[in-house]
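Spelled out from the first residue to the last, the chains are:
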Amino acid sequence: MATPASSTAAQLDEALFTFLLRMGDNTLVLGHRVSEWCGHAPVLEEDIALANTALDLIGQTQMWLGLAADVEGQGRSADDLAMLRDVWDFRNLLLVEQPNGDFGQTIMRQYLFDQFHLLLLRALQDSADDRIAGIAAKAVKEVGYHVERSAETVIGLGDGTEESHGRMQAALDWLSPYVGEMFVSDEIDAEMATRGIVPDPASLRAPYDAALAEVLAKATLSRHEGDFAHQGGKTGFRHSEHLGHMLTQMQWLQRAYPGAAW
Amino acid sequence: MYAQMVKSEATQDDPEKLAAFQARIDAGEKIEPKDWMPEGYRKTLIRQIGQHAHSEIVGQLPEGNWITRAPTLERKAILLAKVQDEAGHGLYLYCAAETLGVSRDELTEMLLDGRMKYSSIFNYPTLTWADMGAVGWLVDGAAIMNQVPLQRTSYGPYSRAMVRICKEESFHQRQGFDIMMKMAGGTEAQRRMAQDALNRFWYPSLMMFGPSDKDSVHSSQSMKWRIKMNTNDELRQKFVDQTVPQAEYLGLTVPDETLAWNDEKGGYDFAEPDWSEFHGVLKGNGPCNAERMRARNAAWDDNAWVREGLMAHAAKKKAAKVAAE
Ligand SMILES: [Fe+2]
Ligand SMILES: [Fe+2]
Ligand SMILES: [Fe+2]
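Anyway, here's the lowdown on the structure attached to this text. Being a predicted model, the structure only gives us computed values, none of them experimental. (Residues numbered from 1 in each chain as written. Chains lettered and ligands numbered in written order. Predicted model: local features only at pLDDT ≥ 70, side-chain atom pairs only at ≥ 80, totals over all residues. Heavy atoms only, no water.)

### Examining the coordination of the iron ion (ligand 1)
Residues and elements named next belong to chain B. Worth spelling out the cut-off: Coordinating donors are taken as N, O and S atoms within 2.8 Å of the metal, stretched to 3.2 Å for Na, K and Ca; because water is absent from the atoms, sites can appear incomplete. Here a helix means four or more residues in a row that DSSP labels H or I, a strand means two or more in a row labelled E, and each is numbered from the N terminus. Relative accessible area decides the class of each residue, using a 1.4 Å probe on protein chains only: under 20% of the type maximum gives buried, over 50% gives exposed, and in between gives partly exposed.
Within the first shell, the iron ion (ligand 1) binds the protein through E56 (OE), E56 (OE), E86 (OE), H89 (ND1) and E169 (OE), at distances of 1.9 to 2.7 Å. Considered as a linear motif, the donors of the iron ion (ligand 1) on their single chain read E-x29-E-x2-H-x79-E. If you look at the iron ion (ligand 1) and the iron ion (ligand 2), they sit 2.9 Å from each other. Note that E56 is positioned in helix α2 (residues 39-58) and H89 in helix α4 (residues 73-98), a separation of 33 residues in sequence. H89 carries the same exposure label as E56, and that label is buried.

Structure follows, in structure tokens:
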């Protein structure tokens, strides 16, 4: 991978580092949310599937944040990045930090993210950065399974009983404003795209919308007009109030007993 | 154990059939679902396998309690994988029970309305990260003591489920011990957590094997049927003999002042747990019984709409398929 003359090594590292945080923080935060279901799922198969999804996402986090830590080169580890950053340093989408709500909201959030995640990982398999392509190639298999399962469940519940339909429509309405952030490009994305490392997220919008429309049609659910989008997660400028509470749990041991080995 | 005080059922079957059945068991043959079996054998097995399955399911709760607070990504992944295994164990065991003519939903209803039990151990709270070590080391350790011999139990599906489960349980135990090693060799605070976890989980772990043999009224028929392979006291002794040196290796103190090696019997003498506490926990008065049952009932009731929705969808799909044909 060549370094463009126009961009200093330090700048490139920072853009790459931020991109890797975005990937790793998405999987970390969503993995954490999904793991909150452990032991409380609607049916045993779902307990197993949710734990499995969480496990995949945490495994991907180890890869993304591990690479982020390498790229940063400051001696921090993936665990340091996960456990010792505060809210404003997280770069995940607002969508994934939203609370679980009922099972409908959880599975709708999962599908909305999985579909984006799959398209992104597919494209990242061709990244100019071999390390990223390698992680994407591993993760894409897992995420292919995630999206199959979450789409199927959204369809089943959307086109189920009157109650399940109502709950899924409410989940979609609630979460729709968090979809747009996935496709907003900023200068980090622009630099990564120019370098051939990452696709421009805006380019994923059309295939995403097509896939989503197909699933929602089968689920007999409808998206409301308008594409208002909450923003501030992937830039870290303004997360929702929920992330801080999650971190107080997730980081508690590391914060309370600094320097201990676990 | 995961199945404690399983009441064995009296059997009133044709004596000739019974004798032939017993002969098969004595010859080490496996009984399969389609084979003739005494009603008491079937009912006792349902109770025992069901109780074991319920224990795996309820057992997700005390460990799930720490998944969101696991101290590192690797520990979080290991714990998630473990809890996922336990749910899988529940699934194998419900499947084994189903071969005896009882459905998973029926068994679940019986758990939720209190007609069926799960192991007393899961009614104790997990309070520090060291408890994740202690549970793996002691609770999975005690479970293995009982389940390894059950791989040779007379009922085929149960025996095969045990073979799969035992492999994973020994993995869990090693991971638990690994956490204990880190804690016991860690900072002052971590050592305190490790000792505190042992203090709280020692006697409840001993209770897992069930009451003392002299008070264990249901054992002999089950042992004849090879549903129960060892007596409670045998297994408890084995557990203590295995665990005490491990505690010493960790530099932790077993909370029993009477603990002493007995050369004559080639094992440790140790204090029995407080059996009145044990019976209290079985009756529902353990520290977490009410919370565990509330959590399981909520998972079932609050999500009924999910199961109903998915079933309705499956029915629509089936109907559409039939209409198209
Ligand atoms: Fe288990
Ligand atoms: Fe277990
Ligand atoms: Fe286990």
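That was the structure; now back to the text.
### Describing the interface of chain B and chain A
Note the cut-off: The contact criterion used is simple: two residues touch if any of their non-hydrogen atoms lie within 4.5 Å. Summed over both partners, the accessible surface that disappears when two parts come together, traced with a 1.4 Å probe, is what is meant by buried area. For salt bridges, the criterion is a side-chain nitrogen of Lys or Arg within 4 Å of an Asp or Glu carboxyl oxygen.
Contact residues are listed per partner, giving 46 residues for chain B and 49 residues for chain A. Buried surface at the junction of chain B and chain A, summed over both partners, amounts to about 4,000 Å²; 69% is from carbon and sulfur atoms. Inspection of the region where chain B meets chain A yields two salt bridges. Residue E45 of chain A pairs with R104 of chain B through a salt bridge whose shortest N-O separation is 2.5 Å.

### Details of the environment of L55 of chain A
Mapping L55 of chain A onto the fold places it in helix α2 (residues 44-72). With a relative accessible area of 18%, L55 of chain A lands in the buried category. C-alpha of L55 of chain A to C-alpha of L118 of chain A: the two residues are 63 residues apart in sequence and 17 Å apart in space. When residues no more than four places from it in sequence are discounted, the contact partners of L55 of chain A are A77, L80, A81 and Q84 of chain B.

### So, the nonpolar core
Nonpolar side chains in soluble globular proteins generally cluster together in the buried interior. Put simply, the rule is: The nonpolar core is taken to be a set of buried Ala, Val, Leu, Ile, Met, Phe, Trp, Tyr and Cys residues, with the residues joined through side-chain atoms within 4.5 Å.
Core analysis: the largest hydrophobic core is formed by 146 residues, its most contacted members being L124 of chain A together with W129 of chain B. Ignoring any residue separated from it by four or fewer positions in sequence, one finds W129 of chain B in contact with L253 and W262 of chain A together with W66, A70, P71, R75, L79, I179 and M183 of chain B. If you look at the next biggest cluster of nonpolar residues, it comprises 32 residues, including L44 of chain A together with M116, W225 and I227 of chain B.

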